[in-house]
Amino acid sequence: MSQSKHTEARELMCSGALLFFSHGQQNSAADLAMLVLESLEKAEVEVAADLLENLAKLFSLMDPNSPERVAFVSRALKWSSGGSGKLGHPRLHQLLALTLWKEQNYCESRYHFLHSADGEGCAHMLVEYSTSRGFRSEVDMFVAQAVLQFLCLKNKSSASVVFTTYTQKHPSIENGPPFVQPLLNFIWFLLLAVDGGKLTVFTVLCEQYQPSLRRDPMYNEYLDRIGQLFFGVPPKQTSSYGGLLAQGTEHIHAAAQPSAPSISRMFHLPTLRFCPLYTDVHPLPQTRSHHLPCVRESDDPGTSRNLLSSLMGASEQEGEDSQDDSSPIELD
């Protein structure tokens, strides 16, 4: 069949699916929607904005609890990746996230926002999610997890946007930075450290904010991956639940002993759970700790900015030296 015939047939099937949806004929509409996708796959049609909009429209009209919807979105994302092996086109992820947000399916909406480039939209959704479903004591955790996962996906710009927008728009967060919540100060410092790329700064921040990082054991796994991607930490060849900070904090305090204890023993943490974004947990190479100032959770928020500036200035040489022997690790 020629390309023009494929296009004509696809438009006809799309119109038919919309007509069936308007009359509540979910099964027939879903069948036609799947045929639209089959036409795109067989004709090897290139991804275009109007096609993504059409697929998102069909998705939005499907019954949220139908198995056909799950199959449809899976095939649509696969087609939109264009055979690149990625997890789908960012624009399609954004459109899906907006639909799921309207349905108040915050969990799945959040997943699709993570794979889009819409940090601002993600932040607004998280504000609504937090205020409607979360505890007041967890307002910082909603955005912290999103920022860490954006960084694990090497999306630094969206990580920064989601943090800034969320902290400005959330009614329970006072103006900052610095913030009243230590975890928000840690995320703020982390984003600055990622821009600077200094390994020593990253290590000290992770150590000093352990009381906040202990609130979710996944945080340390995310930070292991972030250390690889932005601070040149090499991956470990053998598996270990100790992770990045196990050796890093040991070198800070004990100047490189023969073997470093795991972070779980050092900070009395439970064994870390499996992280869905990556599978390996890696150690930190030896670093030096000559007269490093500390950024502590107990510091007055008004002095946090000066403390971080002092830390980054004092550790500039150490951070540069630490990265000489390693290269950033690509996220599969």
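Cut-off values and rules
- Residues numbered from 1 in each chain as written.
- Predicted model: local features only at pLDDT ≥ 70, side-chain atom pairs only at ≥ 80, totals over all residues.
- Heavy atoms only, no water.
- Helix = DSSP H or I, 4+ residues; strand = E, 2+ residues; numbered from the N terminus.
- Buried < 20%, exposed > 50% of the residue type's maximum accessible area, 1.4 Å probe, protein only.
- Contact = heavy atoms within 4.5 Å.
- Areas by Shrake-Rupley, 256 points an atom, 1.4 Å probe, with all protein chains shown as cover.
- Expected span 1.5 Å × (residues − 1).
- Arc of directions from axis to C-beta.
- Core = buried A, V, L, I, M, F, W, Y, C linked by side-chain atoms within 4.5 Å.
- pLDDT = per-residue confidence, 0-100.

Q: Please provide a residue-by-residue account of the overall build of the protein, values included.
A: The helix and strand inventory of the protein stands at 17 helices and zero strands. A burial count over the protein gives 51% of its 332 residues as buried. In the protein, 69% of the contacts between residues at least 6 apart in sequence involve partners at least 24 apart. Surface summary for the protein: the accessible area is close to 16,000 Å², and the carbon and sulfur share equals 50%.

Q: Would you mind going over helix α3 (residues 49-61) in detail, with residue names and values included?
A: Under the 1.5 Å per step criterion, the end-to-end length of α3 is 19 Å for 13 residues, consistent within 8% with the ideal 18 Å. Burial in α3 covers these residues: L51, L52, L55, A56, L58 and F59. All buried residues of α3 fall inside an arc of 160° around its axis, so they share one side.

Q: So, helix α13 (residues 218-231): which residues are in play, and what are the values?
A: If you check α13, its first and last C-alpha atoms are 19 Å apart, about what 14 residues at 1.5 Å a residue would give, namely 20 Å. Burial of α13 is extensive: 14 of the 14 residues sit out of reach of the surface. Looking one or two residues beyond α13, the residue adopting positive phi is G232, at roughly 70°.

Q: For the nonpolar core, give the residues involved together with the corresponding values.
A: Counting 52 residues, the largest nonpolar core has F186 and I226 as its most contacted members. Contributions of two or more residues to this core are made by α6 (106-114), α7 (119-133), α8 (139-152), α9 (156-169), α10 (182-196), α11 (199-208) and α13. If you tally residues by element for this core, the top one is α8, at eleven residues. Apart from the residues lying within four places of it in its own chain, the contact partners of I226 are L148, L151, C152, L190, F202 and F231. L37, A76, W79 and L92 belong to the second-largest nonpolar core, a separate cluster that totals 30 residues.

Q: Summarise unusual backbone geometry; cite the residues concerned and give the values.
A: Put simply, G176 and P177 share a cis peptide bond, and its omega is 0°. Within the element layout of this structure, P177 appears in the loop between α9 and α10. Along the chain, P177 connects to P178 via a cis peptide bond; the corresponding omega equals -5°. Here P178 is to be found in the loop between α9 and α10. In the Ramachandran plot, E44 falls in the positive-phi region, its phi being about 50° despite a non-glycine side chain.

Q: Tell me about the environment of S109, residues and numbers included.
A: Within the element layout of this structure, S109 appears in helix α6. Taking the C-alpha atoms as reference points, S109 and L126, separated by 17 residues in sequence, lie 9.6 Å from one another. The residues contacting S109, other than those within four sequence positions of it, are A97, L100, W101 and M125.

Q: Residues and numbers for the confidence of the model for the protein, please.
A: On average, the protein scores 78 in pLDDT, and the residues at 70 or more come to 69%. Within the model, pLDDT remains below 50 along residues 249-303, and this stretch shows 143 contacts once partners closer than five positions in the same chain are excluded. Every residue in residues 312-332 is under pLDDT 50, and counting partners more than four places away or in other chains gives 50 contacts.

Q: Tell me about the side chain of Q94, residues and numbers included.
A: In this fold, Q94 is placed in helix α5 (residues 90-102). Each residue touching Q94, except ones within four places of it in the same chain, is listed here: S116 and D118.

Q: Let's hear about the environment of I173: which residues, and what values?
A: By the element assignment, I173 lies in the loop between α9 and α10. You can call I173 buried: its relative accessible area is 6%. As for I173 and L184, which are separated by eleven residues in sequence, their C-alpha atoms are 9.7 Å apart. In contact with I173, other than residues within four places in its own chain, are V139, Y166, T167, F179, Q181 and L184.

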